[in-house]
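Survey of secondary and tertiary structure
Residues per chain, in single letters:
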Amino acid sequence: TDAQAAGRVLADMAEHGVAPQASTFTTLMNLHAEAEDPAAAGRVMGRMEEAGLKPGVVAFNVLLKAHRRDFPACWGVARAMAARGVAPNVATYNALLKPAAGARVRQVW
């Protein structure tokens, strides 16, 4: 899959001494989100943190996208985001709207 190939790119970067940036990890997370593999997207976020990079609003929004079919999981991501002091943006709210509507939730933040 594209996500597996992208994961190999991280290994290749390490072999060549090229440090990935937050955008590198976020791109890989997005590939997992598109493949509807939220667990893999979460593992990539963990690797981002292990690399000493702090996930920002874009990374959390991609993780929300990965969990788009599971509102309780989305809510957990939003709570983790808030606990880390990462402020939501319009994309955050948009990512919460569809699963919230499906779960008939009245408040999303």
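Here, every reference points to the structure presented above.
Attention here is on the structure that accompanies the text. (Residues numbered from 1 in each chain as written. Predicted model: local features only at pLDDT ≥ 70, side-chain atom pairs only at ≥ 80, totals over all residues. Heavy atoms only, no water.)

Focus: helix α3 (residues 38–50)
For α3, spanning 13 residues, the distance from its first C-alpha to its last is 18 Å, which sits close to the expected 18 Å at 1.5 Å a residue. Residues of α3 that are buried include every one of Ala-40, Ala-41, Val-44, Met-45 and Met-48, and no others. Buried residues of α3, viewed axially, fall in a sector of 150°; they line one side. Across from the buried face of α3, at angles greater than 90 degrees, the exposed residues are Arg-43 and Glu-50. Packing partners of the buried residues in α3 comprise α2 (22–34) and α4 (57–66). The positive-phi residue at the C-terminal boundary of α3 is Gly-52, with phi of around 85°. (Helix = DSSP H or I, 4+ residues; strand = E, 2+ residues; numbered from the N terminus. Expected span 1.5 Å × (residues − 1). Buried < 20%, exposed > 50% of the residue type's maximum accessible area, 1.4 Å probe, protein only. Arc of directions from axis to C-beta. Contact = heavy atoms within 4.5 Å.)

Brief notes about the pattern of salt bridges
Overall, the coordinates contain four salt bridges when judged by the stated rule. With a shortest N-O distance of 3.6 Å, Arg-68 and Glu-36 are connected by a salt bridge. Residue Arg-68 is located in the loop between α4 and α5 (71–83), and its partner Glu-36 is located in the loop between α2 and α3; the two are separated by 32 residues in the primary sequence. The class for Arg-68 is partly exposed, based on a relative accessible area of 26%. On the basis of relative accessible area, Glu-36 is assigned to the partly exposed category, the value being 43%. The residue Arg-69 makes a salt bridge to Glu-36 at a minimum N-O spacing of 2.9 Å. With a gap of 33 residues between them, Arg-69 in the loop between α4 and α5 and Glu-36 in the loop between α2 and α3 connect regions that are remote in the sequence. Judged by its relative accessible area of 66%, Arg-69 falls in the exposed class. Via salt bridges that share partners, Glu-36, Arg-68 and Arg-69 belong to a single interconnected network. (Salt bridge = Lys/Arg side-chain N within 4 Å of Asp/Glu carboxyl O.)

Geometric values such as these leave the question of function open.
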